[in-house]
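# Structural overview
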Amino acid sequence: MSKLNDPLVIAGVEYRSRLLTGTGKYQDLEQTRLATEAAGAEIVTVAIRRTNIGQNPGEPNLLDALPPSKYTILPNTAGCYSAEDAVRTCKLARELLDGHDLVKLEVLGDEKTLYPDVTATLHAAEQLVKDGFKVMVYTSDDPIIAKRLEEMGARVSYLPCGADGVVSAEAVRAR
């Protein structure tokens, strides 16, 4: 059993902090930087479709505020409603981040609830793993889906505690 003072290991990299923070709720990049520093986070999720990490030259760039030399930038596919869009977004992120291959996959099925489209998520995860990505997956609390994702090589599954969905105790115990 691991202890809280043991490092968190994701995709072979050790982290002191277990807190992952996002970048989408702040007024500007300076506020993002200050909040990330204050939180002590080492991993920062970034919605590639909404945040400039170099795809828009001449505009403020998140990587100037949160340099990849100091933080693990975890590109995510927030806002993607198809497997194809999600795969394309991950490939763009890898290109912009000089080959970085750890991504957070989200393929949404419902705009109001933000529940995932599990079928499209499985399809996208399979393609991304084949393309050499290390995939963290936003998915439902279904342990069978989690097992399938693990079997295809998406070894790190992810369901945020703050998600609108509720993870049932039965699903956790079943695993």
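None of these values were measured; they are calculated from a predicted model. (Residues numbered from 1 in each chain as written. Predicted model: local features only at pLDDT ≥ 70, side-chain atom pairs only at ≥ 80, totals over all residues. Heavy atoms only, no water.)

## As for the confidence of the model for the protein chain
For any part of a model where pLDDT is low, the fine detail of the predicted coordinates should not be relied upon. With 87% of its residues at a pLDDT of at least 70, the protein chain reaches an overall mean of 88. Predicted confidence for residues 161–175 stays below pLDDT 50, and this span has 15 contacts to residues more than four positions away or in other chains. (pLDDT = per-residue confidence, 0-100. Contact = heavy atoms within 4.5 Å.)

## Observations concerning the environment of Pro75
The topology assignment puts Pro75 in strand S5 (residues 72–76). According to the relative accessible area criterion, Pro75 is buried, its value standing at 3%. A C-alpha to C-alpha distance of 9.2 Å links Pro75 and Asp101, two positions 26 residues apart in sequence. Contact partners of Pro75, with chain neighbours within four places excluded, come to Val46, Ile48, Ala93, Leu97, His100, Leu102, Val103 and Lys104. (Helix = DSSP H or I, 4+ residues; strand = E, 2+ residues; numbered from the N terminus. Buried < 20%, exposed > 50% of the residue type's maximum accessible area, 1.4 Å probe, protein only.)

## Some points on the side chain of Thr77
One can find Thr77 in the loop between S5 and helix H3 (83–96). Here Thr77 falls in the buried class, since its relative accessible area comes to 0%. At 2.6 Å, the side chain of Thr77 forms a polar contact with the backbone nitrogen of Glu106. (Polar contact = N/O pair within 3.5 Å; in protein donor to acceptor, adjacent residues only side chain to side chain.)

## Considerations on the packing of helix H4 (residues 118–130) against helix H5 (residues 143–152)
Packing of H4 against H5 leaves a shortest axis separation of 9 Å and a crossing angle of 15°. Here H5 runs roughly parallel to H4, going by the angle between their axes. The hand of the H4/H5 crossing is right-handed. Where H4 abuts H5, its residues Val118, Leu122, Ala125, Glu126 and Val129 lie against Ile145, Arg148, Leu149 and Met152. Among the residues making up the contact of H4 with H5, the classes are represented as seven nonpolar, no polar and two charged. (Axes fitted to C-alpha atoms, helices over the stretch in contact; angles between N-to-C directions. Parallel < 35°, antiparallel > 145°, perpendicular 65-115°, else oblique. Left-handed = near helix turned anticlockwise from the far one by under 90°. Nonpolar A, V, L, I, M, F, W, Y, C, P; charged D, E, K, R; others polar.)

## Describing the pairing of strand S4 (residues 43–47)
The element S4 is extensively covered by neighbouring structure, given that five of its five residues are classed as buried. Burial along S4 is two-sided: the face carrying Ile43, Thr45 and Ala47 and the face carrying Val44 and Val46 are both buried. Both strand S3 (residues 20–21) and S4 contribute to a ladder of two bridges, which runs parallel. By the bridge assignment for S4, Thr21 is matched with Val44. Judged from the five bridges that link them, S4 and S5 form a sheet pairing that is parallel. Within S5, the position partnered with Ile43 by the bridge is Thr72. (Pairing = 2+ DSSP bridges.)

## Here we look at the environment of Leu149
Topologically, Leu149 is positioned in helix H5. In sequence terms Leu149 and Glu126 are 23 residues apart; their C-alpha atoms lie 8.0 Å from each other.

## Thoughts on the nonpolar core
In this structure, Leu105, Ala124, Leu128, Val135 and Leu149 are the most contacted members of the largest nonpolar core, which totals 19 residues. It is H4 that provides the largest number of residues to this core, a total of five residues. Ignoring sequence-local partners within four residues, the contact set of Ala124 consists of Ala83, Ala86, Val87, Leu105 and Val107. Grouped together as the second largest cluster of nonpolar side chains are twelve residues, Ile53, Leu62, Ala65 and Ala93 included. (Core = buried A, V, L, I, M, F, W, Y, C linked by side-chain atoms within 4.5 Å.)

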